[in-house]
Amino acid sequence: MGSAEGGDQPGGEAAGNSSSGTADGQAKNQTDDRVENQTDHLDEAGTLLACLANAVDQEDVDKVNSRGEKKTKKEKKKEKREYLKEKRKKNRPEEKKKRKEKKKNELLKALNGLNPSERIQFLSERRALQEERKKKRQQFLMKAYNEGYKICYNCSFLNLMGEKEVSSLAKQVFLGYHYMIKEQLPVQFHFTSLTSGDEFHTQLRDKYALGKWRVHIHSEDYWDVFPRDKIVVLSPDAEEELTEVLDDEVYVISALVDRSVSKNLSFYQASLHNLVTKKLPLEQHNTLANK
């Protein structure tokens, strides 16, 4: 009996140690998962900071870039000519037609050599894949619309811009919106102080299909839309730098492209309403934004 009890005791301890080891392992795995999720969150926030850097006034970006290797005016003009030449080439109707024709030829090449039943299966799978991609895109957009990092375009200064500046602003916002989609970065876009009668709204709608975007549009000012203690106004005139992005804060960008009239405007407006102002760390994030 004693021998049996003695034999059971070590076994019980072993079982207890095994159970404890399993629990410790599970706890460690959960901790690792949390750390990994936090790391992913920080990486995502860092990417967002880099994206936000694209909204910084070009004059400020040029100042940062000029601290590096300087180029002659002749070199700058040559680079600009080459860039515009390549851009025009890509946008030519014949170039678009060539790209479309290339895709068609690639499809025909893939179908060549397949028997009728194989072709039907191939095309069916291709359509299913396209539908799946479309579905995932819509799911991502809805999640971003409801849960993404909040970026707000403050449109209260639109009356200070001419048609050319408004057109440039609309293009910048369009590129920013689609850049976020391309990078799969969940951003909840808001436009405040914007109505359907504004030229900016008209250009976004007519040129860039605003009606198909997943964005929030408010006619009210941003300080009347969001909790004031969660608002961070991004201004190059602020003293404190933005070092982290929090998912419960709202980052306000002035929808204004003319530096000659925008200096201090967003800063003074925010200060008038006792709101937090911060500036983007250009030197740290400008390189990332231009990759």
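Residues numbered from 1 in each chain as written. Predicted model: local features only at pLDDT ≥ 70, side-chain atom pairs only at ≥ 80, totals over all residues. Heavy atoms only, no water.

Draft legend 1. View of helix α6 (residues 163–182). Its 20 residues place the ends of α6 29 Å apart at the C-alpha level, agreeing with the 28 Å of an ideal helix rising 1.5 Å per residue. Listing the buried residues of α6 in full gives V166, L169, A170, V173, Y177, M180 and I181. In an axial view of α6, the angular spread of the buried residues amounts to 115°, which keeps them on one side of the axis. Turned more than 90 degrees off the buried face of α6, the exposed positions are K164 and K182. Where α6 ends, the next residue or the one after it, Q184, has phi of about 55°, a positive value. (Helix = DSSP H or I, 4+ residues; strand = E, 2+ residues; numbered from the N terminus. Expected span 1.5 Å × (residues − 1). Buried < 20%, exposed > 50% of the residue type's maximum accessible area, 1.4 Å probe, protein only. Arc of directions from axis to C-beta.)

Draft legend 2. Summary view of unusual backbone geometry. Although it is not a glycine, S193 sits at a positive phi angle of roughly 55°. With respect to the helices and strands, the residue S193 is situated in the loop between β2 (187–192) and α7 (199–208).

Draft legend 3. Geometry of the packing of aromatic side chains. Here the structure, examined in full by the defined rule, presents 9 aromatic pairs. An angle of 5° between the planes, with centres 6.1 Å apart, marks the rings of Y153 and F189 as stacked. Placement of Y153 in strand β1 (residues 149–154) and of F189 in strand β2 is noted, with a sequence separation of 36 residues between them. For the pair Y153 and F189, a shared accessibility class is recorded, and that class is buried. Taken together, a centroid distance of 6.2 Å and an interplanar angle of 55° make the contact between F191 and F200 tilted. One aromatic cluster in this structure is built from Y153, F174, Y177, F189, F191, F200, Y208 and W213. (Phe/Tyr/Trp six-rings, centres within 6.5 Å; stacked < 30°, edge-to-face > 60°.)

Draft legend 4. Seen up close, the nonpolar core. Within the largest apolar cluster, 36 residues are counted, with the highest numbers of intra-cluster contacts made by Y153, C155, F189, F191, F200, L204 and W213. For this core, the elements supplying multiple residues, two or more each, are α5 (116–147), β1, α6, β2, α7, β4 (231–234) and β5 (250–254). Y153 has contacts with V173, F189, H190, F191, T192, I253 and A255, leaving out every residue within four places of it along the chain. (Core = buried A, V, L, I, M, F, W, Y, C linked by side-chain atoms within 4.5 Å. Contact = heavy atoms within 4.5 Å.)

Draft legend 5. View of the packing of α5 against α6. Across the interface, α5 lies against α6 with an axial gap of 11 Å and an inter-helix angle of 115°. Viewed along their axes, α5 and α6 form a crossing whose handedness is right-handed. Across the interface between the two elements, R137, F140 and L141 of α5 pack against Y177, H178, M180 and I181 of α6. Class assignment of the residues belonging to the contact of α5 with α6 gives a composition of 5 nonpolar, 1 polar and 1 charged. (Axes fitted to C-alpha atoms, helices over the stretch in contact; angles between N-to-C directions. Left-handed = near helix turned anticlockwise from the far one by under 90°. Nonpolar A, V, L, I, M, F, W, Y, C, P; charged D, E, K, R; others polar.)

Draft legend 6. Quick peek at the pattern of salt bridges. Under the criterion given, the structure shown has 3 salt bridges. A salt bridge links R205 to D206, with the shortest nitrogen-to-oxygen separation between them at 2.9 Å. Residue classification places D206 among the exposed positions, given a relative accessible area of 55%. Here E240 and K278 are joined by a salt bridge, their closest N and O atoms 3.8 Å apart. Of this pair, E240 sits in the loop between β4 and β5 while K278 is found in strand β6 (residues 276–278), placing the two residues 38 residues apart along the sequence. A residue is classified by how much of its surface remains accessible, and K278, at 16% relative accessible area, is buried. (Salt bridge = Lys/Arg side-chain N within 4 Å of Asp/Glu carboxyl O.)

Draft legend 7. The pairing of β2, seen in detail. When you tally the buried positions in β2, you get 6 out of 6 residues, the bulk of the element. Examined bridge by bridge, β1 and β2 share 6 bridges and lie parallel to one another. Opposite C152, over in β2, you have H190 as the bridge partner. What joins β1 to β2 is α6, and the crossover it makes is right-handed. Taken together, the 2 bridges between β2 and strand β3 (residues 216–217) define a ladder with parallel strand orientation. Residue F191 lies in a different strand from β3, and its bridge partner there is I217. Handedness of the β2-α7-β3 crossover: right-handed. (Pairing = 2+ DSSP bridges. Right-handed = clockwise from strand over helix to strand, strands pointing away.)

Draft legend 8. Quick peek at the side chain of S254. Tracing the chain through its elements places S254 in strand β5. Given the relative accessible area of 17%, S254 is considered buried.

Draft legend 9. Just the packing of helix α4 (residues 93–111) against α5, in detail. As a packed pair, α4 and α5 sit with axes 10 Å apart at the nearest point and diverge in direction by 135°. Judged by the inter-axis angle, α4 sits oblique to α5. Mapping the contact onto sequence places L107, A110 and L111 in α4 and R119, F122, L123 and R126 in α5. Looking at side-chain class alone, the contact of α4 with α5 contains 5 nonpolar, no polar and 2 charged residues. (Parallel < 35°, antiparallel > 145°, perpendicular 65-115°, else oblique.)

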